[in-house]
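# Remarks on the overall topology
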Amino acid sequence: MSKWIRRFLVGFVALFSLALFNSAAASTVDAFGTIFENMIMANRMKPTALKANSTASFDIVMKPQDSTAYYQKALDVNDPTKADFKNYLSTSDIRQQFGQPDAVINGWVALFKKNHLTTHVYQDGLVLNVQGKTKDVNRLFKTNLSDATYHSDPLQFGKYKPNIPANLQDSVLAVMGMADHNKKFWFPDSDVTFKSAPKATKALADKNAGYTSHFTKTYGVDQLYDHGLTGKGQTIGLVSFGNVQTSDLTHFWRHEHVNASKSRFQMVKVLGDNYRKDIKSTSDGEATMDAEYAGSVAPEANIKMFNSGSVIPTLINLINTYLTAYDDGSVNQISSSWGMGPNNYFQILEKMNLLPSQYVEVLNLVLAQSALQGISNFVASGDSGALNYTVVGIHGNDVLLDRKISDADPYTTSPWITSAGGTSLPFKQSVAPNGKSIGTISNQKQRAWGSDYWWPFLQVNDDYLLTMPEFFNDISDGGGGGFSHVYQTPAYQEGVPGVNTFNAREYLSQLSGPVYNAPLVSGTDDGRNYPDISANADATTGYFTYQKTSTSNGWEISGGTSIVSPQFAGVAALINSQADHSRMGFWNPQLYQLATKSDSPLQPLNDTENNSNLYYTGQPNTVYNQASGLGTVDFAKLMDVYK
């Protein structure tokens, strides 16, 4: 968007704020202008240009031999009503049953070697990662990676088709990463991230936060410890686009009285592509939080963080991270706190021919492999409530953002992962800017995570956001949840009471301001309903993490569904560490069956008042709602009834 349009929009929202709060000072207007600018606009981050001798990387993703059988098998091995239940496959089994023949794989390897490119064959026999000099890739594919685009032929990236044997061409589903360094490619670089842990207000930071026990006492995990379960012998895999300092992890683990040996943690390098070679991560708060809490919930489990070295979460790096974890062979549970972005962003890239049209198929193929292998896979559902940030257009170096309930991340809402939602725990807290109390905010029960518990306070203190504009973003936090129209409703959700129906209220205006006394509306929708299960994610009732930086002495308040997901993975490691016990595998098929039983370990949060993710609320007399999924879990009971 051109600079004059940017100035117009920022001026508009500043004037809107001034009209709404007519006592605003100029500095406050400027603050609101900055806040709204960050909500509606992002910078267009361009990739690093590749020179002739730069290292280029791409993936050849091949078609499974029988895709229908592949996905059905992934469900059946995790469904206790099926004959194939618990007959998980190894990577070599997957290659034998569904991968491309050795003749095809060896043909690709030989072709790349002839053209001075190196091939890594993932063990599933379905994905090849290829690396080499840009000039050699350009020569083989008759393209220039600085302007390579996708065509109807999945192997064509320029004006002419490359000369590749027909049997190799026929094996290809898609090529990932080939246009990632096209000078027209872009990634939205905004202060409004698609997945980040919210920060607690300073007034709430000290009294209402806990450490690991905040989670383990609330959800029956302490009873698992009473059974002697520690996660010993298990490895938790963490998908990461950031680095950590091991000293931060061991400091935190010592504080939590768990095994603090640095040998518990291992960073595993993932083959892939660095979108921006000038941006490096030495210590990332998200990655640090994931490792700390996965390792404290499962106090004797090993932690392996799989990291491509790129801080930008591109699709090629995401799928390679998972494939590396699968090939590792030791990982029985995986957690990810990263999102890829809204589907509308990917659709724009696809229309620009910068992303293959098969990107959702590739995601399904790779994520379903964890279910085939019996790996429990958890992904954070998001921290912006039901109103996801979405990309609605680009102009020049600007990206225009909006918030919609109709858009969703195709990764974090995949039907092949367990989507981790958020709740808030009971609390009562004084709001005391400058040390003087001006009122309280409170929550009387565990509820879906949504910051509408601020509304009674804000109605009485209608100038609070004017005088404290830095807290404006705090009132729009909530657990991700709703309907992902990227996918059909998965089989395990079909017929479950509450799925594809909803109750909702409009808690936020178009400009993310609070809406009071909105009426309850009901309706139907379809697609992948998310999240699946939830736990405390609200920073107000959140957790301490430790990360020593130049600007922090270490301890900080954290929250977000991104702290829920690694704790779920920690619980999976505890239960999987039982002697002579088969792996839990993909949780969803059993969770949705258990939710409808009389002895369910799941507790739905179904009130329609004071129980929202800033749009969706509970649905009385059902077992599911889009604000918190199937609700919270009594993990001690889950261990008893989970087959």
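Calculation rules
Residues numbered from 1 in each chain as written. Predicted model: local features only at pLDDT ≥ 70, side-chain atom pairs only at ≥ 80, totals over all residues. Heavy atoms only, no water. Helix = DSSP H or I, 4+ residues; strand = E, 2+ residues; numbered from the N terminus. Rg over C-alpha atoms; globule rule 2.2 N^0.38 Å. Buried < 20%, exposed > 50% of the residue type's maximum accessible area, 1.4 Å probe, protein only. Contact = heavy atoms within 4.5 Å. Areas by Shrake-Rupley, 256 points an atom, 1.4 Å probe, with all protein chains shown as cover. Lys, Arg positive; Asp, Glu negative; His and termini not counted. Charge placed at Lys NZ, Arg CZ, Asp CG, Glu CD. Salt bridge = Lys/Arg side-chain N within 4 Å of Asp/Glu carboxyl O. Axes fitted to C-alpha atoms, helices over the stretch in contact; angles between N-to-C directions. Left-handed = near helix turned anticlockwise from the far one by under 90°. Nonpolar A, V, L, I, M, F, W, Y, C, P; charged D, E, K, R; others polar.

## Some points on the overall build of the chain
Looking only at helices and strands, one finds 19 helices and 26 strands in the chain. Taken against the 2.2 N^0.38 rule, which gives 26 Å for 643 residues, the C-alpha radius of gyration of the chain at 24 Å falls within 12% of a compact globule. Looking at the 643 residues of the chain, the share that counts as buried comes to 62%. Counting contacts in the chain only where the partners sit at least 6 residues apart, residues at least 24 apart contribute 78% of the total. Accessible area of the chain: about 24,100 Å², with a carbon and sulfur share of 49%. The centroid of the 49 positive side-chain charges in the chain is displaced by 7 Å from the centroid of its 57 negative side-chain charges.

## Brief notes about the pattern of salt bridges
In total, this model carries 9 salt bridges according to the counting rule given. Two residues, Lys73 and Asp84, come together in a salt bridge whose shortest N-O distance is 2.8 Å. Here Lys73, found in helix 3 (residues 67–76), pairs with Asp84, found in the loop between helix 3 and helix 4 (91–98); they are 11 residues apart in sequence, far enough to count as distant. Asp84 sits in the partly exposed class, given a relative accessible area of 26%. The salt bridge partner of Asp607 is Lys445, with a shortest N-O separation of 3.8 Å.

## Examining the packing of helix 10 (residues 246–255) against helix 11 (residues 285–297)
Two numbers describe how helix 10 lies on helix 11: the axes approach to 10 Å, and their chain directions differ by 35 degrees. When you trace helix 10 past helix 11, the crossing you get is right-handed. Taken together, the residues of helix 11 that come into contact with helix 10 (itself represented by Asp248, Leu249, Phe252 and Trp253) are Thr288, Ala291, Glu292, Tyr293, Gly295 and Ser296. Looking at the contact of helix 10 with helix 11 residue by residue, the classes come out as 5 nonpolar, 3 polar and 2 charged.

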